[in-house]
Structure formats: structure tokens, C-alpha cells
Amino acid sequence: MEGSSLVPVLVGGAISLVSSVVILSLGLLIESKRKGRAAKSEAALQAFVGLNKLMMTINSIENIAKHIDREFEGATKGGVTLEPASILRPLIGAMNEIDLVTPHEMLFLATGDGELPAAIQEIQHRARNLNVIIAEYNLLRREHDDFLERNAKIGDLDGTNVGYTLSGKARKISKIKIGRLNVLVAGIIEMVEEDRKTVFDVTNEYLAKAREHFGNDFPAKALEIRASGKRSLAL
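So, here's what we can say about the structure. (Residues numbered from 1 in each chain as written. Predicted model: local features only at pLDDT ≥ 70, side-chain atom pairs only at ≥ 80, totals over all residues. Heavy atoms only, no water.)

### Points about a negative patch on the surface
So, step 1. Residues Glu-136, Glu-143, Asp-146 and Glu-149 make up a contiguous surface patch of negative charge.
So, step 2. Mapping Glu-149 onto the fold places it in helix α3 (residues 115-151).
So, step 3. For Glu-149, a relative accessible area of 65% gives the class exposed. (Patch = residues over 30% accessible without salt bridge, like charges linked within 9 Å, V, L, I, M, F, W, Y side chains within 5 Å. Areas by Shrake-Rupley, 256 points an atom, 1.4 Å probe, with all protein chains shown as cover. Salt bridge = Lys/Arg side-chain N within 4 Å of Asp/Glu carboxyl O. Lys, Arg positive; Asp, Glu negative; His and termini not counted. Charge placed at Lys NZ, Arg CZ, Asp CG, Glu CD. Helix = DSSP H or I, 4+ residues; strand = E, 2+ residues; numbered from the N terminus. Buried < 20%, exposed > 50% of the residue type's maximum accessible area, 1.4 Å probe, protein only.)

### Some words on the pattern of salt bridges
So, step 1. Counted according to the given criterion, the structure contains nine salt bridges.
So, step 2. Residue Asp-145 is joined to Arg-141 by a salt bridge in which the shortest nitrogen-to-oxygen separation is 3.2 Å. Highlighted residues: Asp-145 and Arg-141, both in helix α3, separated by four residues, approximately one helical turn.
So, step 3. On the basis of relative accessible area, Asp-145 is assigned to the partly exposed category, the value being 26%.
So, step 4. A salt bridge links Lys-197 to Asp-201; its shortest N-O distance comes to 2.8 Å. In this pair, Lys-197 and Asp-201 are both assigned in helix α4 (residues 168-214), four residues apart and thus about one turn of the helix distant.
So, step 5. The exposure class assigned to Asp-201 is partly exposed, which follows from its relative accessible area of 36%.
So, step 6. Among the charged side chains, a salt-bridge network with shared partners connects Lys-53, Asp-99 and Glu-105.

In C-alpha cells:
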């Protein structure tokens with residue numbers, strides 16, 4: 001009797017133990033999946049922060065491009081041939097700060113060939129450099145304007161253009177200053193022409209890779225730029 005009554009107790013205990021192990025295993029699996037989803041969501045959020053930094057880079061380059069477009073379009077409509085540095089007035093307003101995409105925000109690209117992260121770093125550093133060149137141009141252009149006010153004979157106002165004449169040493173100094181400014185203008189336009197397309201392509205590829213990696217965990221789905229002016233991209 002003692003032996004027969006002992007069996008159900010042992011069997012019941014074994015069943016209880018197996019059930020506990022199964023429940024514990026399921027609990028650990030669910031917790032692991034939950035942590036995995038949380039980690040993926042966090043990584044997707046970091047990647048989205050990187051995308052926003054790239055969008056700010058696009059905005060910075062596009063703002064400069066649109067300013068150049070407006071200045072040269074206005075000069076063309078006037079029918080007057082002017083020095084490029086006389087056409088391009090200083091860019092008014094605070095320059096967009098280029099916040100670099102961090103390695104952590106590009107971690108989902110780690111399995112690639114490294115070309116996209118390299119392209120992102122290059123275009124953002126070029127955008128920073130462009131801002132520095134623009135700031136230098138603004139400073140030198142204002143210095144030349146001050147020089148003209150002190151040394152030039154101001155003529156009549158024709159629309160928005162003011163005629164002036166220089167003579168002697170002041171005329172030579174002005175030609176040197178204008179020449180330096182023209183070189184900067186040419187460099188700025190060349191950089192903007194190239195970078196405004198490159199930054200869009202790089203950002204679009206980043207977005208596509210993020211969507212491919214994170215799926216619906218990544219909140220952005222498409223990239224659209226509303227550009228205007230002669231040099232605007234056809235997107």
C-alpha cells in the first residue's frame with residue numbers, strides 16, 4: 001500500500017516540475033523577444049536621428065543653393081553684366097549647424113561594404129566646409145562694400161543697382177578684392193551644384209537601407225525635397 005500510494009505523488013511532482021520548467025522557458029523566451037524588439041526599436045530610433053541630421057544637411061545646402069539661384073536670376077532679368085561677386089550678396093541669417101551622424105546611428109550599416117558611411121561622412125564634412133567658405137565670403141564681401149563706401153564716388157541708382165567709380169590706387173585695390181571674391185563665388189557654386197545632388201542621393205540610400213533593415217519599426221518611408229530655382233533638382 002505504501003508503495004502504491006507513493007507513485008501518484010512522485011508522478012504528480014514530476015509533472016509539476018516539468019510544467020514549471022516549460023513555463024519558465026516560455027517566460028524567458030518571451031522576455032528575450034521583448035528585449036529584442038525593444039533593442040530593435042531603440043536602434044531604429046537612433047537610425048531615425050541620423051536621418052534627421054542628414055535632412056538638416058540637405059536643408060543647409062539647399063538654402064545656400066536657393067539664395068544663389070535668386071541672386072543670379074535677378075541679375076539676368078536686369079540685363080546687366082556684373083561681376084559674380086557683385087551679384088552674390090552675403091547670405092543673411094544663421095547658417096545651419098551640421099550635426100554629424102554618429103557611428104552608433106549608422107550601426108545598422110555595419111554589415112555593408114562601408115561605402116555609404118564613408119559617403120555620409122564626406123558629404124557632411126563638405127557641407128561644414130561650405131558653411132565656412134560662405135562665412136568667409138560674407139565677411140570679405142562686407143569688407144569690400146565698406147571699402148567702396150569710403151573710397152568710391154557713388155553714381156545714380158538704377159533699380160536695385162548703384163553705379164560707382166574708383167580711381168587710382170583704390171581702383172586697383174578693389175579689382176584685387178573683387179578677383180578674390182569671384183574665386184570664392186566660383187568655388188561655392190561648384191560645390192553647391194555637386195553637393196545638392198550628392199546629399200540627396202546619400203540620404204535616400206540611407207533611408208532605403210534603414211527601411212530594409214528595420215521594416216515598419218523605422219518611422220520614415222520616403223524622402224521628398226521641394227526645390228525651386230534654375231539649379232533645383234528634378235526629384
